[in-house]
Amino acid sequence: MRFLLDPEQRAFADSLNALLTAADTPQVIRAWANGDHTPGRALWSRLADAGVFALAIPEAYEGVGPLPVELAVAFVELGRHGVPGPLVETVAAAALLTELGESGPAKRLLPALASGQALATVALPGGGPFVLDAEAADIHLSVSSPGAPAEVHRTTPDTRLHLGGNGPTGSARPSLDPARHLTLPHTTGELLATGPQVTRAATQALTWARLATAAQALGVGLALLDRTVGYVKQRTQFGVPIGSFQAVKHQLADAKIALEFARPLLFGAALSMAPADVAAAKVAAGEAAYATARTALQLHGAIGYTAEYDLSLWLTKARALRTAWGSPAECRAEVLSAVSGGAPRS
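## So, helix H10 (residues 311–323)
Okay, step 1: Taken together, the buried positions of H10 are Leu-311, Ser-312, Leu-313, Trp-314, Leu-315, Lys-317, Ala-318, Ala-320 and Leu-321.
Okay, step 2: The inward-facing, buried residues of H10 abut helix H2 (25–33), helix H4 (68–80), helix H7 (196–234) and helix H9 (275–300).
Okay, step 3: Downstream of H10 by one or two residues, Trp-325 has phi in the positive range, about 55 degrees.

Structure (C-alpha coordinates):
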(Lines give C-alpha, C1' and ligand atoms only; values in the text may rest on other atoms or scores of the structure.)
Protein backbone atom coordinates (compact mmCIF):
# COMPACT_ATOMS: atom_id res chain seq x y z
CA MET A 1 0.00 0.00 0.00
CA ARG A 2 1.25 3.48 -0.85
CA PHE A 3 0.62 6.51 1.34
CA LEU A 4 0.96 9.69 -0.67
CA LEU A 5 0.49 13.16 0.75
CA ASP A 6 -2.10 15.33 -0.95
CA PRO A 7 -1.11 18.70 -2.46
CA GLU A 8 -2.08 20.65 0.68
CA GLN A 9 -0.03 18.38 2.92
CA ARG A 10 2.98 18.62 0.61
CA ALA A 11 2.63 22.40 0.52
CA PHE A 12 2.49 22.45 4.33
CA ALA A 13 5.69 20.39 4.52
CA ASP A 14 7.39 22.67 1.99
CA SER A 15 6.40 25.79 3.92
CA LEU A 16 7.79 24.38 7.18
CA ASN A 17 10.97 23.32 5.42
CA ALA A 18 11.43 26.85 4.07
CA LEU A 19 10.72 28.40 7.47
CA LEU A 20 13.18 26.15 9.27
CA THR A 21 15.86 26.41 6.61
CA ALA A 22 15.85 30.19 7.09
CA ALA A 23 15.95 29.85 10.88
CA ASP A 24 19.54 28.52 11.16
CA THR A 25 18.44 25.71 13.47
CA PRO A 26 21.99 24.52 14.35
CA GLN A 27 22.53 27.78 16.21
CA VAL A 28 19.12 27.44 17.88
CA ILE A 29 20.00 23.90 18.98
CA ARG A 30 23.34 24.95 20.44
CA ALA A 31 21.78 27.89 22.28
CA TRP A 32 19.09 25.59 23.74
CA ALA A 33 21.71 23.08 24.85
CA ASN A 34 23.53 25.89 26.68
CA GLY A 35 20.38 27.00 28.49
CA ASP A 36 19.55 29.98 26.27
CA HIS A 37 15.91 29.46 25.27
CA THR A 38 15.36 32.83 23.60
CA PRO A 39 16.08 31.74 19.99
CA GLY A 40 14.18 28.51 20.53
CA ARG A 41 11.09 30.25 21.88
CA ALA A 42 11.15 32.71 19.01
CA LEU A 43 11.20 29.79 16.57
CA TRP A 44 8.49 28.06 18.62
CA SER A 45 6.27 31.11 18.16
CA ARG A 46 6.79 31.01 14.40
CA LEU A 47 5.92 27.32 14.31
CA ALA A 48 2.76 28.04 16.28
CA ASP A 49 1.84 30.77 13.80
CA ALA A 50 2.21 28.14 11.07
CA GLY A 51 -0.36 26.02 12.93
CA VAL A 52 1.89 23.18 14.10
CA PHE A 53 0.65 22.88 17.68
CA ALA A 54 -2.97 23.59 16.79
CA LEU A 55 -2.99 20.30 14.85
CA ALA A 56 -3.32 18.32 18.09
CA ILE A 57 -6.01 20.57 19.59
CA PRO A 58 -9.74 20.64 18.75
CA GLU A 59 -11.41 23.75 17.35
CA ALA A 60 -13.34 24.16 20.60
CA TYR A 61 -10.05 25.07 22.27
CA GLU A 62 -8.68 27.30 19.48
CA GLY A 63 -7.00 24.50 17.54
CA VAL A 64 -7.67 23.00 14.12
CA GLY A 65 -7.46 19.30 14.99
CA PRO A 66 -7.04 16.69 15.94
CA LEU A 67 -5.22 16.00 12.66
CA PRO A 68 -2.65 13.23 13.27
CA VAL A 69 -1.57 12.88 9.63
CA GLU A 70 -0.79 16.58 9.31
CA LEU A 71 0.94 16.43 12.69
CA ALA A 72 3.16 13.61 11.41
CA VAL A 73 3.96 15.71 8.32
CA ALA A 74 4.99 18.60 10.56
CA PHE A 75 7.11 16.51 12.90
CA VAL A 76 9.05 14.94 10.04
CA GLU A 77 10.14 18.47 9.15
CA LEU A 78 10.87 19.35 12.78
CA GLY A 79 13.11 16.28 12.99
CA ARG A 80 14.72 17.00 9.64
CA HIS A 81 15.82 20.39 10.98
CA GLY A 82 16.57 19.22 14.54
CA VAL A 83 14.27 21.72 16.27
CA PRO A 84 14.88 21.52 20.05
CA GLY A 85 12.41 21.75 22.90
CA PRO A 86 9.50 19.77 24.36
CA LEU A 87 7.74 19.42 21.01
CA VAL A 88 6.46 15.89 21.55
CA GLU A 89 5.61 16.66 25.16
CA THR A 90 3.44 19.62 24.16
CA VAL A 91 1.53 17.39 21.74
CA ALA A 92 1.13 14.72 24.43
CA ALA A 93 -0.11 17.31 26.91
CA ALA A 94 -2.63 18.56 24.36
CA ALA A 95 -3.89 15.02 23.71
CA LEU A 96 -4.09 14.33 27.45
CA LEU A 97 -6.16 17.41 28.19
CA THR A 98 -8.38 16.87 25.13
CA GLU A 99 -9.17 13.25 26.03
CA LEU A 100 -9.70 13.96 29.71
CA GLY A 101 -13.39 14.66 29.21
CA GLU A 102 -13.35 17.65 31.53
CA SER A 103 -13.65 21.01 29.83
CA GLY A 104 -12.26 23.08 32.72
CA PRO A 105 -8.54 22.16 32.44
CA ALA A 106 -8.80 22.02 28.64
CA LYS A 107 -10.29 25.51 28.31
CA ARG A 108 -7.76 26.85 30.76
CA LEU A 109 -4.60 25.38 29.23
CA LEU A 110 -5.12 24.33 25.60
CA PRO A 111 -5.49 27.76 23.95
CA ALA A 112 -2.04 28.77 25.18
CA LEU A 113 -0.55 25.58 23.76
CA ALA A 114 -2.25 26.11 20.40
CA SER A 115 -1.00 29.69 20.12
CA GLY A 116 2.54 28.87 21.18
CA GLN A 117 2.35 31.13 24.22
CA ALA A 118 3.05 28.15 26.47
CA LEU A 119 5.35 25.12 26.23
CA ALA A 120 4.39 21.94 28.07
CA THR A 121 6.17 18.96 29.48
CA VAL A 122 4.42 15.85 30.74
CA ALA A 123 5.07 12.61 32.61
CA LEU A 124 2.92 9.65 31.57
CA PRO A 125 2.85 5.99 32.62
CA GLY A 126 4.86 4.12 30.01
CA GLY A 127 6.74 7.23 28.97
CA GLY A 128 9.78 6.90 31.22
CA PRO A 129 10.73 8.31 34.61
CA PHE A 130 11.93 11.75 33.46
CA VAL A 131 10.40 14.80 31.82
CA LEU A 132 12.00 16.86 29.07
CA ASP A 133 13.00 20.51 29.34
CA ALA A 134 11.20 21.25 32.58
CA GLU A 135 13.19 24.46 32.99
CA ALA A 136 11.77 25.81 29.72
CA ALA A 137 8.19 24.56 30.05
CA ASP A 138 5.34 26.74 31.30
CA ILE A 139 2.95 23.84 31.92
CA HIS A 140 3.98 20.71 33.86
CA LEU A 141 1.55 17.79 33.80
CA SER A 142 2.06 14.52 35.63
CA VAL A 143 -0.07 11.36 35.60
CA SER A 144 0.63 8.91 38.39
CA SER A 145 -0.89 6.24 40.59
CA PRO A 146 -0.11 6.57 44.31
CA GLY A 147 2.35 3.91 45.36
CA ALA A 148 3.28 2.96 41.77
CA PRO A 149 6.45 4.07 39.97
CA ALA A 150 5.77 6.71 37.33
CA GLU A 151 7.25 4.58 34.57
CA VAL A 152 4.92 1.61 35.25
CA HIS A 153 1.57 1.70 33.46
CA ARG A 154 -1.25 1.22 35.95
CA THR A 155 -5.04 1.15 35.64
CA THR A 156 -6.31 2.10 39.06
CA PRO A 157 -9.35 4.04 40.28
CA ASP A 158 -7.14 6.71 41.81
CA THR A 159 -4.88 7.53 38.85
CA ARG A 160 -4.25 11.26 39.18
CA LEU A 161 -3.38 14.18 36.95
CA HIS A 162 -1.45 17.01 38.57
CA LEU A 163 -0.50 20.43 37.31
CA GLY A 164 2.90 21.08 38.84
CA GLY A 165 4.78 24.26 39.51
CA ASN A 166 7.18 25.93 37.10
CA GLY A 167 10.79 24.88 36.82
CA PRO A 168 12.59 21.55 37.28
CA THR A 169 12.40 19.45 40.43
CA GLY A 170 16.15 18.86 40.66
CA SER A 171 19.41 18.75 38.77
CA ALA A 172 19.25 17.68 35.14
CA ARG A 173 20.04 14.09 34.19
CA PRO A 174 22.58 13.56 31.43
CA SER A 175 21.20 12.82 27.98
CA LEU A 176 22.86 11.53 24.85
CA ASP A 177 21.50 14.64 23.14
CA PRO A 178 22.89 17.80 24.80
CA ALA A 179 19.77 19.70 23.71
CA ARG A 180 17.54 17.36 25.75
CA HIS A 181 17.41 18.27 29.45
CA LEU A 182 15.88 15.53 31.62
CA THR A 183 14.62 15.95 35.19
CA LEU A 184 12.25 14.19 37.55
CA PRO A 185 8.61 15.27 37.15
CA HIS A 186 6.48 17.22 39.59
CA THR A 187 4.40 14.56 41.36
CA THR A 188 2.42 17.02 43.47
CA GLY A 189 0.64 20.26 42.78
CA GLU A 190 -2.85 21.21 41.72
CA LEU A 191 -5.02 18.12 41.25
CA LEU A 192 -6.81 18.51 37.91
CA ALA A 193 -8.56 15.13 37.71
CA THR A 194 -8.58 11.62 39.12
CA GLY A 195 -10.04 8.27 38.20
CA PRO A 196 -10.28 5.91 35.20
CA GLN A 197 -10.78 8.79 32.76
CA VAL A 198 -7.24 9.94 33.56
CA THR A 199 -5.92 6.48 32.70
CA ARG A 200 -7.76 6.48 29.38
CA ALA A 201 -6.55 9.98 28.54
CA ALA A 202 -2.96 9.06 29.44
CA THR A 203 -3.09 6.02 27.16
CA GLN A 204 -4.26 8.19 24.26
CA ALA A 205 -1.63 10.81 25.03
CA LEU A 206 1.11 8.14 24.98
CA THR A 207 -0.05 7.09 21.50
CA TRP A 208 0.20 10.70 20.25
CA ALA A 209 3.64 11.05 21.85
CA ARG A 210 4.90 7.93 20.10
CA LEU A 211 3.48 9.06 16.76
CA ALA A 212 5.20 12.45 17.01
CA THR A 213 8.46 10.83 18.13
CA ALA A 214 8.35 8.39 15.20
CA ALA A 215 7.82 11.26 12.76
CA GLN A 216 10.62 13.26 14.36
CA ALA A 217 12.97 10.27 14.15
CA LEU A 218 12.13 9.76 10.48
CA GLY A 219 12.99 13.40 9.79
CA VAL A 220 16.29 13.05 11.66
CA GLY A 221 17.15 9.98 9.61
CA LEU A 222 16.34 11.74 6.34
CA ALA A 223 18.54 14.69 7.32
CA LEU A 224 21.44 12.38 8.18
CA LEU A 225 21.08 10.56 4.88
CA ASP A 226 20.96 13.79 2.86
CA ARG A 227 24.00 15.21 4.62
CA THR A 228 25.96 11.99 4.18
CA VAL A 229 25.13 11.68 0.48
CA GLY A 230 26.37 15.23 -0.01
CA TYR A 231 29.55 14.50 1.94
CA VAL A 232 30.55 11.33 0.07
CA LYS A 233 30.21 13.20 -3.22
CA GLN A 234 32.85 15.68 -2.05
CA ARG A 235 35.28 13.58 0.00
CA THR A 236 37.87 11.85 -2.16
CA GLN A 237 40.15 8.86 -1.77
CA PHE A 238 42.59 7.58 -4.39
CA GLY A 239 41.61 10.57 -6.50
CA VAL A 240 37.88 9.77 -6.72
CA PRO A 241 34.83 10.62 -4.58
CA ILE A 242 34.20 7.91 -1.97
CA GLY A 243 30.58 7.92 -3.05
CA SER A 244 31.66 6.08 -6.18
CA PHE A 245 32.77 3.05 -4.12
CA GLN A 246 30.35 0.11 -4.26
CA ALA A 247 30.51 -0.53 -0.51
CA VAL A 248 29.54 3.08 0.24
CA LYS A 249 26.65 2.90 -2.21
CA HIS A 250 25.38 -0.26 -0.53
CA GLN A 251 25.48 1.31 2.94
CA LEU A 252 23.57 4.37 1.79
CA ALA A 253 21.06 2.23 -0.12
CA ASP A 254 20.39 0.18 3.03
CA ALA A 255 19.77 3.36 4.99
CA LYS A 256 17.48 4.73 2.29
CA ILE A 257 15.43 1.51 2.15
CA ALA A 258 15.00 1.43 5.93
CA LEU A 259 13.78 5.03 6.04
CA GLU A 260 11.44 4.55 3.09
CA PHE A 261 10.03 1.41 4.74
CA ALA A 262 9.31 3.41 7.89
CA ARG A 263 7.48 6.19 6.02
CA PRO A 264 4.29 4.24 5.09
CA LEU A 265 4.18 2.69 8.55
CA LEU A 266 4.23 6.19 10.03
CA PHE A 267 1.43 7.59 7.88
CA GLY A 268 -0.58 4.38 8.12
CA ALA A 269 -0.36 4.65 11.90
CA ALA A 270 -1.42 8.31 11.73
CA LEU A 271 -4.53 7.23 9.84
CA SER A 272 -5.52 4.49 12.27
CA MET A 273 -4.07 5.85 15.54
CA ALA A 274 -4.18 2.28 16.84
CA PRO A 275 -1.60 1.94 19.64
CA ALA A 276 -0.02 -1.14 18.05
CA ASP A 277 0.26 0.56 14.65
CA VAL A 278 1.88 3.60 16.23
CA ALA A 279 4.26 1.39 18.23
CA ALA A 280 5.28 -0.42 15.03
CA ALA A 281 5.90 2.91 13.30
CA LYS A 282 8.03 4.10 16.19
CA VAL A 283 10.17 0.97 16.10
CA ALA A 284 10.65 1.21 12.34
CA ALA A 285 11.42 4.93 12.29
CA GLY A 286 13.60 4.88 15.38
CA GLU A 287 15.69 1.91 14.23
CA ALA A 288 16.01 3.32 10.70
CA ALA A 289 17.20 6.67 12.01
CA TYR A 290 19.65 5.02 14.39
CA ALA A 291 21.06 2.78 11.63
CA THR A 292 21.38 5.79 9.36
CA ALA A 293 23.23 7.65 12.13
CA ARG A 294 25.72 4.80 12.42
CA THR A 295 26.25 4.80 8.67
CA ALA A 296 26.63 8.57 8.62
CA LEU A 297 29.25 8.46 11.35
CA GLN A 298 31.21 5.68 9.66
CA LEU A 299 31.29 7.45 6.31
CA HIS A 300 32.16 10.85 7.78
CA GLY A 301 34.89 9.48 9.99
CA ALA A 302 36.12 11.29 13.10
CA ILE A 303 34.78 14.66 12.00
CA GLY A 304 31.23 13.33 12.29
CA TYR A 305 31.13 13.29 16.07
CA THR A 306 32.99 16.52 16.79
CA ALA A 307 30.79 19.04 18.57
CA GLU A 308 31.70 21.81 16.14
CA TYR A 309 30.40 19.83 13.15
CA ASP A 310 26.65 20.14 12.63
CA LEU A 311 26.18 16.44 11.88
CA SER A 312 26.72 15.65 15.57
CA LEU A 313 23.49 17.49 16.43
CA TRP A 314 21.51 14.92 14.46
CA LEU A 315 23.61 11.91 15.45
CA THR A 316 22.88 12.39 19.14
CA LYS A 317 19.20 13.12 18.52
CA ALA A 318 18.75 9.89 16.55
CA ARG A 319 20.11 7.89 19.48
CA ALA A 320 17.98 9.71 22.04
CA LEU A 321 14.73 9.42 20.05
CA ARG A 322 15.24 5.67 19.63
CA THR A 323 14.28 5.10 23.27
CA ALA A 324 12.16 8.19 23.99
CA TRP A 325 8.51 7.41 24.76
CA GLY A 326 9.05 3.67 24.67
CA SER A 327 12.12 1.58 23.91
CA PRO A 328 12.17 -0.69 20.85
CA ALA A 329 11.51 -3.66 23.14
CA GLU A 330 8.50 -1.98 24.75
CA CYS A 331 7.01 -1.00 21.41
CA ARG A 332 7.57 -4.46 19.96
CA ALA A 333 5.79 -5.93 22.98
CA GLU A 334 2.83 -3.66 22.24
CA VAL A 335 2.71 -4.91 18.65
CA LEU A 336 3.06 -8.56 19.63
CA SER A 337 0.31 -8.24 22.22
CA ALA A 338 -2.06 -6.86 19.61
CA VAL A 339 -1.14 -9.49 17.00
CA SER A 340 -1.51 -12.37 19.45
CA GLY A 341 -4.76 -11.05 20.84
CA GLY A 342 -3.25 -10.68 24.28
CA ALA A 343 -4.61 -8.55 27.05
CA PRO A 344 -4.24 -4.80 26.53
CA ARG A 345 -1.48 -2.97 28.31
CA SER A 346 -2.42 -2.21 31.90
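## Concerning the pairing of strand E4 (residues 160–164)
Okay, step 1: By the criterion of burial, E4 is predominantly enclosed, with four of the five residues buried.
Okay, step 2: As paired elements, strand E3 (residues 139–144) and E4 share five bridges and run antiparallel to each other. For His-140, the partnering residue across the bridge sits in E4 and is Gly-164.
Okay, step 3: Inspection of the sheet shows E4 paired to strand E6 (residues 190–194) by four bridges, in the antiparallel sense. Note that in E6 the partner of Arg-160 across the bridge is Thr-194.

## Some points on the nonpolar core
Okay, step 1: Among the nonpolar cores identified, the biggest contains 105 residues, and Leu-47, Phe-75, Leu-96, Leu-124 and Leu-141 are the most heavily contacted of them.
Okay, step 2: In terms of residue count, H7 provides more of this core than any other element does, 19 residues in total.

Calculation criteria
- Residues numbered from 1 in each chain as written.
- Predicted model: local features only at pLDDT ≥ 70, side-chain atom pairs only at ≥ 80, totals over all residues.
- Heavy atoms only, no water.
- Buried < 20%, exposed > 50% of the residue type's maximum accessible area, 1.4 Å probe, protein only.
- Helix = DSSP H or I, 4+ residues; strand = E, 2+ residues; numbered from the N terminus.
- Contact = heavy atoms within 4.5 Å.
- Pairing = 2+ DSSP bridges.
- Core = buried A, V, L, I, M, F, W, Y, C linked by side-chain atoms within 4.5 Å.

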